[in-house]
Amino acid sequence: MAAVQAPAELAHAQQEPVKVSVGVVSAERKPVSSALDFVGRVDAINRVEVRARITGYLEAVLFKEGDMVDVGAPLYRIESGLFKAAVDESEGALERGKAAKVLSEVQLKRASELLEKNAGTAVARDQAFAADEQAKGTILVNQAALDTAKINLGYTEITAPIAGKIGRTNVTKGNVVSPDTGPLTVIVSQDPMYVTFPVSQREFLRVQESGRDLDVTQLKATLRFADLRTYDQVGVINFVDVTVNRSTDTVLVRATFPNPKGALIDGQLVRVAIQSGKPEEKIVVPQAALIADQQGVYVFVVDDGKASVRRIKTGGESGNDVIVDEGLSGGEQVIAEGLQSVRPGSPVIATPLPGNANRS
C-alpha cells in the first residue's frame, strides 16, 4: 500500500522552484575600435556580358555553367561554313586584283616608253597611269575585304575575354544568334572584389574629425553577411567619389576585399563596418543574450544562483558581440543560452559556454 504524503511535505514540494539549466558568458572588457556601419553591395571588378558579333547558327556550347574559366577559354561555336567561303572568295578577289596590277604596270611602262620615242601619246600614257593607280586601289579594297572576312571567321569561335566565374547560358545549341540577341552569358571576376556603399555627409565628416589630412585608404573595412557571420578578410578603401549624390546627400565609397574562397558574390548585399579612431576598452556581450521589450533592452545575469534583470544601453556592434555602454561593469555572468525558460528571480544552474560561444 503506497504511503500517503503529508500535507506539509506536499505543499513544500509544490513551492520548491525548478532550477533551469542555462549557458553563461562573462561580460568581458576588450579593446574595441570605433566603427561606422553601412549597407554595401558586392561588385565584381570585371564583369563582361558575352555577345555574338556575327549572325549564324549556334553549333555548340563549350562550357559548364557556374565553372571558372580562363582568358581565351572556348565558350560558343557558331557554324563557320559561310564565313570560310567568304574568306576564300576574298582571297580570290585579292589575287585577281594583284594580277590586274601586274598588267597595269606593264601597260604603263610600255606607254611611257612609246611616249619617249615619240611613238605614243601623252593621253595614252596618262590613261595607263590612271589604270595602274586604280589597280593599286583595288588591291587595298580586296585586302580589307579579306581581313574583314577573316575577322568574321574568327568570331565564329567565341572565347572568354576575362578570367572568372561564368553564369548560365541564355541561348542553347541550334538557335540563330546575332549582335541583337543580347548577352549569351556573363563572366564575373572573383578575386579580389569591390564593395560599394553610400556614406552620408554627417558620417563622412565624423570620420574626418580625427584629422584634417586623413588618408581614407588607411581605414580598414570588415564585412558581415545576412546571417550575421563576419567575413574573415579585411578590406581597404580604394576610392571615394568626387561628387555628392544630390538626391540622397551621400558619397559613394568603394573598398577592395580579397576573395580567395569565392565567399563574396557579385551583387550580394552585406554590412560594412569601417574602423575609425584608436581602440578603446569596452564591455561586450553576445548578441544572443539581448532581450528587447517596450522599456528597452536588457540581459539576464546570474546573481546568487538566480536570474536577475539588468537594463543596458548598447553602443553598437563588434563582430557578433554588442558593446554595452551602460548597465554592466564587467565580469557578470550573462545568460546567453536557455533564455526561453528563464524568468526574473528564477533559480538557475549556470554552465559556462565553451570557448565563449557565439563570440567573434
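For every chain, the first residue of its written sequence is number 1, and the numbers climb from 1 along that sequence. Selection of residues for local features in this predicted model requires a pLDDT of at least 70, selection of side-chain atom pairs for listing and counting requires 80 or more, and totals for whole chains, interfaces and linings are taken over all residues. Values reported for side chains reflect all heavy atoms of the structure, with hydrogen atoms and water molecules removed beforehand.

Novice: Quick rundown of the nonpolar core? Include the residues and the values.
Specialist: A general feature of soluble globular proteins is that nonpolar side chains tend to end up buried together. Within this scheme, the nonpolar core is defined by two criteria: the residues are buried Ala, Val, Leu, Ile, Met, Phe, Trp, Tyr or Cys, and they are joined through side-chain atoms within 4.5 Å. Throughout this description, buried means an accessible area under 20% of the type-specific maximum (1.4 Å probe, protein chains only), exposed means over 50%, and partly exposed covers the range between. Ranked by internal contacts, the top residues of the largest apolar core, which has 22 residues, are Val195, Phe197, Leu223, Phe257, Leu264, Val272 and Ile274. A helix here means a DSSP run of H or I that spans at least four residues, while a strand means a run of E at least two residues long, and both kinds are numbered starting from the N terminus. Those elements giving two or more residues to this core turn out to be strand E2 (28–44), strand E11 (193–200), strand E12 (220–224), strand E14 (250–257) and strand E15 (269–286). In contact with Leu264, other than residues within four places in its own chain, are Val42, Gln190, Met193, Leu223, Phe225, Tyr231, Phe257, Pro258 and Asn259. Residues Leu75, Phe83, Ala160 and Ile187 belong to the second largest nonpolar core, which totals 19 residues. A contact between two residues is defined here by any heavy atoms of the two lying within 4.5 Å.

Novice: Tell me what's going on with helix H2 (residues 81–116), and back it up with residues and numbers.
Specialist: Side chains three or four residues apart in an α-helix point the same way, a direct result of the helix having 3.6 residues per turn. To estimate the expected span of a helix, count its residues, drop one, and scale the result by 1.5 Å. Taking 1.5 Å as the rise per residue, H2 with 36 residues should run 52 Å; its terminal C-alpha atoms sit 53 Å apart, in good agreement. Buried within H2 are the following residues: Phe83, Val87, Ser90, Ala93, Leu94, Gly97, Lys101, Ser104, Leu108 and Ala111. Against helix H3 (122–154) lie the buried residues of H2. Backbone geometry just downstream of H2 places Asn118 in the positive-phi region, at approximately 60 degrees.

Novice: Report on the packing of aromatic side chains, specifying residues and quantitative values.
Specialist: Each Phe, Tyr or Trp ring, with Trp reduced to its six-membered ring, pairs with another whose centre is within 6.5 Å; inter-plane angles below 30 degrees give stacked pairs, above 60 give edge-to-face pairs, and intermediate values give tilted ones. According to the stated counting rule, one finds five aromatic pairs in the structure shown. The interplanar angle of 55 degrees and the centroid separation of 6.4 Å between the aromatic rings of Tyr231 and Phe257 together place this pair among those described as tilted. One end of the pair, Tyr231, is in the loop between E12 and strand E13 (235–240); the other, Phe257, is in strand E14, with 26 residues separating them in the sequence. An identical accessibility class is assigned to Tyr231 and Phe257; each is buried. Grouped by ring-pair contacts, the aromatic residues Phe225, Tyr231 and Phe257 constitute a single cluster. Above the face of the Tyr194 ring, Arg254 is positioned so that its terminal group lies 3.9 Å from the ring centre. As a reminder, the over-ring test applies to NZ of lysine and CZ of arginine, requiring each to be within 6 Å of the ring centre and within 35 degrees of the ring normal.

Novice: Pulling in residues and values, what's your account of unusual backbone geometry?
Specialist: For the bond from Asp191 to Pro192, the omega torsion is 0 degrees, close enough to zero to count as cis. Assignment of secondary structure puts Pro192 in the loop between strand E10 (185–188) and E11. Although it is not a glycine, Asp249 adopts a positive phi angle of roughly 55 degrees. The topology assignment puts Asp249 in the loop between E13 and E14. When its relative accessible area of 43% is taken as the criterion, Asp249 is described as partly exposed.

Novice: Hey, could you go over the pairing of E13 for me, with residue numbers and the actual values?
Specialist: Strands were regarded as paired on the criterion that DSSP finds at least two bridges between them. As paired elements, E12 and E13 share two bridges and run antiparallel to each other. Looking at E13, one finds that Ala221 is bridged to Gly235.

Novice: Pulling in residues and values, what's your account of the pattern of salt bridges?
Specialist: Where charged atoms from two side chains of opposite charge come close, those side chains can pair. Think of a salt bridge as a Lys or Arg side-chain nitrogen and an Asp or Glu carboxyl oxygen that are within 4 Å of each other. Applying the stated rule across the entire model yields 11 salt bridges. Notably, a salt bridge pairs Lys101 with Asp132, separated by 3.3 Å at the nearest N-O pair. Of this pair, Lys101 sits in helix H2 while Asp132 sits in helix H3, placing them 31 residues apart in sequence. In this structure, Lys101 and Asp132 share a single accessibility class: buried. Measuring nitrogen to oxygen at the nearest pair gives 3.9 Å for the salt bridge that ties Asp232 to Lys261. Residue Asp232 is located in the loop between E12 and E13, and its partner Lys261 is located in the loop between E14 and E15; the two are separated by 29 residues in the primary sequence. There is no split in this pair, since Asp232 and Lys261 are both exposed. Members of the salt-bridge network, linked through shared partners, are Lys101, Glu105 and Asp132.

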